[in-house]
There are 2 protein chains.
Amino acid sequence: MNEMQAQETRTIVGLSERARVMQASPLRKLAALAEQRKKTGIKVFHLNIGQPDLPTAPAVFEAMRGFDQKTLAYAPSNGLPVAINAWKNYLGHHGIHFEESELIVTAGGSEALIFAMCAVADAGEEVVVFEPFYTNYNGFATIANVRLVPVPLSIENGFHLPPEDIIERAITSRTRAILFCNPSNPTGTIYGRDEVERLVRLALKHNLYIISDEVYREFAYDADAISIMGFPEVADRAILCDSSSKRFNVCGARIGVLASHHKGVVETALKFGMARLSVATVEQVAIAPLLNDPEPYVRPIVEEFRHRRDVVVEGLRTIPGVTSYKPEGAFYIVIGLPVKDAEHFARWLINDFELNGETVLLAPAAGFYATPGQGANEARLAFMLKASELKRSIDIVHAALGSYAKGHH
Amino acid sequence: MNEMQAQETRTIVGLSERARVMQASPLRKLAALAEQRKKTGIKVFHLNIGQPDLPTAPAVFEAMRGFDQKTLAYAPSNGLPVAINAWKNYLGHHGIHFEESELIVTAGGSEALIFAMCAVADAGEEVVVFEPFYTNYNGFATIANVRLVPVPLSIENGFHLPPEDIIERAITSRTRAILFCNPSNPTGTIYGRDEVERLVRLALKHNLYIISDEVYREFAYDADAISIMGFPEVADRAILCDSSSKRFNVCGARIGVLASHHKGVVETALKFGMARLSVATVEQVAIAPLLNDPEPYVRPIVEEFRHRRDVVVEGLRTIPGVTSYKPEGAFYIVIGLPVKDAEHFARWLINDFELNGETVLLAPAAGFYATPGQGANEARLAFMLKASELKRSIDIVHAALGSYAKGHH
């Protein structure tokens, strides 16, 4: 083959369809604009991301430093015994009881969710989700070739679940599971017992799995968040996906867990786990002390976030035209802005606005919706700044909205 | 819904089809038998696995101990700058030149291979492989919903590639890529320039990607292994998957890389990477010093494995009826045994045989084939023991074959 033929052929080697539909993080472009703005000397408050700002428990680094194996060998595919036992203890501490054989240590909650989807659904099958939802669910579904079918929630009731018959409309003959996040990213909503019961009844009626993402478990400010494992009637169709990332400020450790009383699901997750061999060894060792004794570290963290939540909610109430509510958990809120296009506003805010040399990066909420056009005037705020900085950020948004409304853009 | 109805429904919540076809590690059952045998006081030599037995470079643990961030935060989805730069340096050291923007740090070579498959192929599409192949390719393909189409290799020519027209027969209108491992796990074969050129020509002719698994690069005892990146005519359809695991004895770190000059592939891998957020932060930092200066650690390791290879090859030649060859690389060999069913023999060996209180665990090679019935009399040996132990292991296999042939089983 000559050079020219090769050249010709070469240009038409296309990617897969899933490569095309795979969503890039919708927040990425705005983040790049923020970096540019910082170079002009403007301080940017990042309300856009869930990267933790609080220090990791020193016990994690101590455990790392104490790692004394000569060879950094593969861990077993289901996890190191010390890590499995620690997850069992951690969950037990929250009244969620599993045998060690029912737990698979995963690379963050992300891998647990991918394994769960692959275990229960085949290419083209459907998983019901509630929008707005954690945007990476799209990515997991694309990797797994599974279709997410969104049930819309509304800011009007603080993004709580709609009645059972509304949810039921999203269920088809191809539906395999209901996936939900409680407490919820991005809304901070905690679904109460009566709400989760709707999902439980539907899962039983339509023979579905329930995949429950509970990584924000402790971030519950008004009442405890209920685990799906608190519903014994779905004990053998519920799959719990969890992660140490948020509650211990160890996002960079990538240690999660998949837990289920459904033997087939666990065996399948283990088979997927065997294919990727193991999860990072040292991190499994390092996280164990915190899982075994979570309270001393987690309690003050949660109090800090409760305070931040209160400051944000209080501040938002003072901004005319902003729709908000009091998120019961996690460390996010999705707010309605008095603008037509929150993405345009966020872009203007980061590119052109400043108040005393400071501005704010917001996450437009459209990226958290699967339905085109939904959430166009909404934005997600993450509480990853000190309360004083959150307060300043809200003041900046307040001033910016005034300026934006006057057409200064 | 009453309890009984729930019970009835519950029992029929099935798994996905891919959960059913997902292969469990075929070596697992035999490993369990080995553990039982050890409890009877018999020493078992593990020739079955690729778990490294040599010490990790102390620099890795030093870098871990020196990690001084207060918060164990997410790394960027494409990798920490220090790790990306280190991979660039490492590959450059081997004459493989990439821009940092063309590299994505992955959770081991495993994730690089999953990302590569998902980037180029959709559900039901095909990837050509050469059997016997690394058994986890099956797992990655199942997760990715991609079909592996095997081209059989033969022990008669040391598992080298067949002529171009034979390989071409495996290519259909649904083929998207050729995947190969060079040096090869499980055969230890290194494909020479003329062999790789066959793949290059076929990829150009049929408009295919080439996915090249080069995790054993340095384990080349007679001549250097050629990277796919040494063929500029496929520079923009080649995807290099690599891992630090084997060459640095850091299997438990799970740090690999995907590298390609094809922008779309890298962008897609990054999008998959964004979905799982990041790879373990501390390990990325810990591996960087070795990637930046690999030779001092790798050179003696390779010499040790060359010695082991020579001892194994020498020993195998003394066993009547065993078919073998001289593997040019990696640290494996697939041998033909004078038995009908290598799995039966391996099971008997681990359950019932002993020589001076010692026995051997082999990996039956059938698990490395996709075609049913292929490799039935073959086994893979890994060189993860000291040369003296490898020699003893070969003697045990020798004695066992004699005993087995006499019908003592």
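Residues numbered from 1 in each chain as written. Chains lettered and ligands numbered in written order. Predicted model: local features only at pLDDT ≥ 70, side-chain atom pairs only at ≥ 80, totals over all residues. Heavy atoms only, no water.

This brings us to the state of the cysteines. One pass over the structure, following the stated rule, counts zero disulfides over all chains. No disulfide involves Cys 241 of chain A; its sulfur sits 10 Å from the nearest other cysteine sulfur, which is in Cys 181 of chain A. (Disulfide = S-S within 2.5 Å.)

Here we take up the sheet that holds strand E11 (residues 363-364) of chain A. Residue and element names in this part refer to chain A. The antiparallel open sheet is built from three strands, whose spatial order is E9-E12-E11. Taken across any chain shown, the strands that pair with only one partner, and hence form the sheet edges, are strand E9 (332-336) and E11. Where E11 meets strand E12 (residues 378-382), two bridges bridge the pair, whose relative direction is antiparallel. Paired with Ala 363 across the two strands is Arg 380, which belongs to E12. (Pairing = 2+ DSSP bridges. Helix = DSSP H or I, 4+ residues; strand = E, 2+ residues; numbered from the N terminus.)

Relative to the helices and strands, Ser 245 of chain A resides in the loop between strand E7 (238-243) and strand E8 (255-260). Among the polar contacts listed, one links the side chain of Ser 245 of chain A to the side chain of Ser 243 of chain A, at a separation of 3.0 Å. Setting aside residues no more than four positions away along its own chain, Ser 245 of chain A makes contact with Val 250, Cys 251 and Arg 254 of chain A together with Tyr 74 of chain B. (Polar contact = N/O pair within 3.5 Å; in protein donor to acceptor, adjacent residues only side chain to side chain. Contact = heavy atoms within 4.5 Å.)

Here the focus is the environment of Ala 286 of chain A. Position of Ala 286 of chain A relative to the elements: it lies in helix H11 (residues 281-292). When sequence neighbours within four positions are dropped, the list of residues in contact with Ala 286 of chain A reads Ala 59, Val 60, Ala 63 and Met 64 of chain A.

Before going further, it helps to examine the side chain of Ser 393 of chain A. All names here are of chain A. Position of Ser 393 relative to the elements: it lies in helix H14 (residues 387-405). The buried category is assigned to Ser 393, whose relative accessible area is 0%. If we ignore the near neighbours within four places in the chain, the residues touching Ser 393 are Phe 45, Leu 47, Val 360 and Leu 385. (Buried < 20%, exposed > 50% of the residue type's maximum accessible area, 1.4 Å probe, protein only.)

As a further point, take the relation of the copies chain A and chain B. Between chain A and chain B, the superposition needs a rotation of 180 degrees and an axial shift of 0.0 Å, giving an RMSD of 0.0 Å. In short, the pair behaves as if placed about a two-fold rotation axis. Using C-alpha coordinates, one finds that chain A approaches the rotation axis most closely at Arg 65 of chain A, a distance of 2.4 Å. A symmetric contact is evident, with 100% of the interface residues of chain A recurring at the interface of chain B. (Least-squares fit on C-alpha atoms with pLDDT ≥ 70 in both.)

Residues and elements named next belong to chain A. Split by domain assignment, chain A resolves into domain 1 (16-54 + 297-405) and domain 2 (58-294). On a C-alpha basis, the centroid separation for the pair domain 1 and domain 2 is 26 Å. Every contact between the two is made by 35 residues of domain 1 and, on the other side, 35 residues of domain 2. Together, the buried faces of domain 1 and domain 2 total about 3,300 Å²; carbon and sulfur atoms form 59% of this surface. (Domains from an automatic or database assignment. Buried area = accessible area lost by both parts, 1.4 Å probe.)

Right, let's get into empty space enclosed by the protein. Per the counting criterion, the structure on display carries six cavities of 30 Å³ or more. The calculated volume of the largest cavity comes to roughly 420 Å³. What lines the largest cavity is a set of 24 residues, and nearest its centre among them are Ala 107 and Glu 111 of chain A together with Ala 107, Glu 111 and Arg 276 of chain B. Counting only elements with at least two residues in the lining of the largest cavity, the list comes to helix H6 (108-120) of chain A together with helix H6 (108-120) of chain B. (1 Å grid on protein atoms, 1.4 Å probe; cavity = no way out; pocket = protein on both sides within 12 Å on 5 of 7 lines; lining within 4 Å. Points joined across faces, edges and corners; volume = space filled by probe spheres on them.)

So, about the pairing of strand E4 (residues 147-152) of chain A. Residue and element names in this part refer to chain A. Alignment of strand E3 (residues 126-131) against E4, held across six bridges, turns out to be parallel. Within E4, the residue paired with Phe 130 across the bridge is Val 151. Note on the crossover from E3 through helix H7 (residues 136-144) to E4: the handedness is right-handed. (Right-handed = clockwise from strand over helix to strand, strands pointing away.)

This paragraph deals with the packing of helix H5 (residues 81-93) of chain A against H11 of chain A. Each packed pair of helices is defined by two parameters, the angle between the axes and the distance between the axes. Residues and elements named next belong to chain A. Axis separation between H5 and H11 bottoms out at 8 Å; the angle between their running directions is 25 degrees. Between H5 and H11, the angle is such that the two are roughly parallel. Remark: the crossing between H5 and H11 carries left-handed chirality. Mapping the contact onto sequence places Val 82, Ala 83, Asn 85, Ala 86, Trp 87, Asn 89 and Tyr 90 in H5 and Gln 284, Ala 288, Leu 291 and Asn 292 in H11. (Axes fitted to C-alpha atoms, helices over the stretch in contact; angles between N-to-C directions. Parallel < 35°, antiparallel > 145°, perpendicular 65-115°, else oblique. Left-handed = near helix turned anticlockwise from the far one by under 90°.)

Across the junction of Glu 131 of chain B and Pro 132 of chain B, the peptide omega takes the value 5 degrees, indicating a cis bond. Structurally, the position occupied by Pro 132 of chain B is in the loop between strand E3 (126-131) and helix H7 (136-144). Residues Asn 182 of chain B and Pro 183 of chain B are joined by a peptide bond in cis, for which omega reads -5 degrees. With respect to the helices and strands, Pro 183 of chain B occurs in the loop between strand E5 (175-181) and helix H9 (193-206). If you check the backbone angles, Asn 356 of chain A has positive phi at about 55 degrees while not being a glycine. The residue Asn 356 of chain A is located in the loop between helix H13 (342-351) and strand E10 (358-361) in this model.

Take the sheet that holds E7 of chain A next. All names here are of chain A. Across the sheet, which stays open at both edges, the seven strands sit in the order E2-E8-E7-E6-E5-E3-E4 with mixed pairing between neighbours. Each of the sheet's edge strands pairs with one partner strand only, and the pair in question is strand E2 (103-107) and E4. Here the average twist between neighbouring strands, direction ignored, is 25 degrees.

Let us look at the interface of chain A and chain B. Interface size is commonly expressed as the accessible area that is lost once the parts come together. Taken together, the contacts link 85 residues of chain A with 86 residues of chain B. For the pairing of chain A and chain B, the buried interface totals around 6,700 Å² over both sides, and the portion due to carbon and sulfur atoms is 57%. Put simply, chain A and chain B have zero salt bridges between them. Taken together, the elements giving at least two residues each to the side of chain A that touches chain B come down to helix H1 (3-10), helix H2 (17-21), helix H4 (58-65), H6, H7, helix H9 (193-206), helix H10 (263-275) and H11 of chain A. (Salt bridge = Lys/Arg side-chain N within 4 Å of Asp/Glu carboxyl O.)

This brings us to the environment of Gly 79 of chain B. Residue and element names in this part refer to chain B. By secondary structure assignment, the location of Gly 79 is in the loop between helix H4 (58-65) and helix H5 (81-93). Classification of Gly 79 as buried rests on a relative accessible area of 3%. Taking the C-alpha atoms as reference points, Gly 79 and Ser 212, 133 residues apart in sequence, are found 21 Å from one another.

Residues and elements named next belong to chain B. Within the structure shown, the criterion is met by 41 salt bridges over all chains. For Arg 201, the salt bridge identified is with Glu 164, shortest N-O distance 2.7 Å. Taken together, the residues Arg 201 in helix H9 and Glu 164 in helix H8 (residues 164-168) connect sequence positions 37 residues apart.

Right, let's get into the packing of helix H12 (residues 295-317) of chain A against H14 of chain A. Residue and element names in this part refer to chain A. Where H12 contacts H14, the two axes come as close as 9 Å, and the packing angle between them is 20 degrees. Considering the angle they form, H12 stands roughly parallel to H14. For the pair H12 and H14, the crossing hand works out as right-handed. Mapping the contact onto sequence places His 307, Arg 308, Val 311, Val 312, Gly 315 and Leu 316 in H12 and Ala 387, Leu 390, Lys 391 and Ile 394 in H14. Partitioning the contact of H12 with H14 into residue classes produces six nonpolar, two polar and two charged. (Nonpolar A, V, L, I, M, F, W, Y, C, P; charged D, E, K, R; others polar.)

Let's shift gears to H11 of chain A. The end-to-end C-alpha separation of H11 of chain A is 17 Å, in line with the 16 Å expected for 12 residues at 1.5 Å each. For H11 of chain A, the buried fraction is high: nine of the 12 residues fall into the buried class. (Expected span 1.5 Å × (residues − 1).)

With that settled, consider the nonpolar core. If you look at soluble globular proteins, the nonpolar side chains tend to sit buried side by side. Counting residues in hydrophobic clusters, the biggest one holds 320 residues, and the most contacted among them are Leu 362 of chain A together with Leu 362 of chain B. For Leu 362 of chain B, the contacting residues outside a window of four places in its chain are Leu 30, Leu 47, Asn 48, Leu 337, Phe 345, Ala 346, Leu 349, Ala 379, Leu 381 and Val 397 of chain B. (Core = buried A, V, L, I, M, F, W, Y, C linked by side-chain atoms within 4.5 Å.)

Let us look at the layout of surface pockets. Roughly 1,000 Å³ of volume is contained in the second largest pocket. Lining the second largest pocket are 39 residues, and of these Tyr 74, Ser 77 and Leu 277 of chain A together with Ser 25 and Ile 49 of chain B lie nearest its centre. Within the residue set of the lining of the second largest pocket, elements represented by two or more residues are H10 of chain A together with helix H3 (28-39), H6 and H7 of chain B. Considered class by class, the residues forming the lining of the second largest pocket number 17 nonpolar, 15 polar and seven charged.

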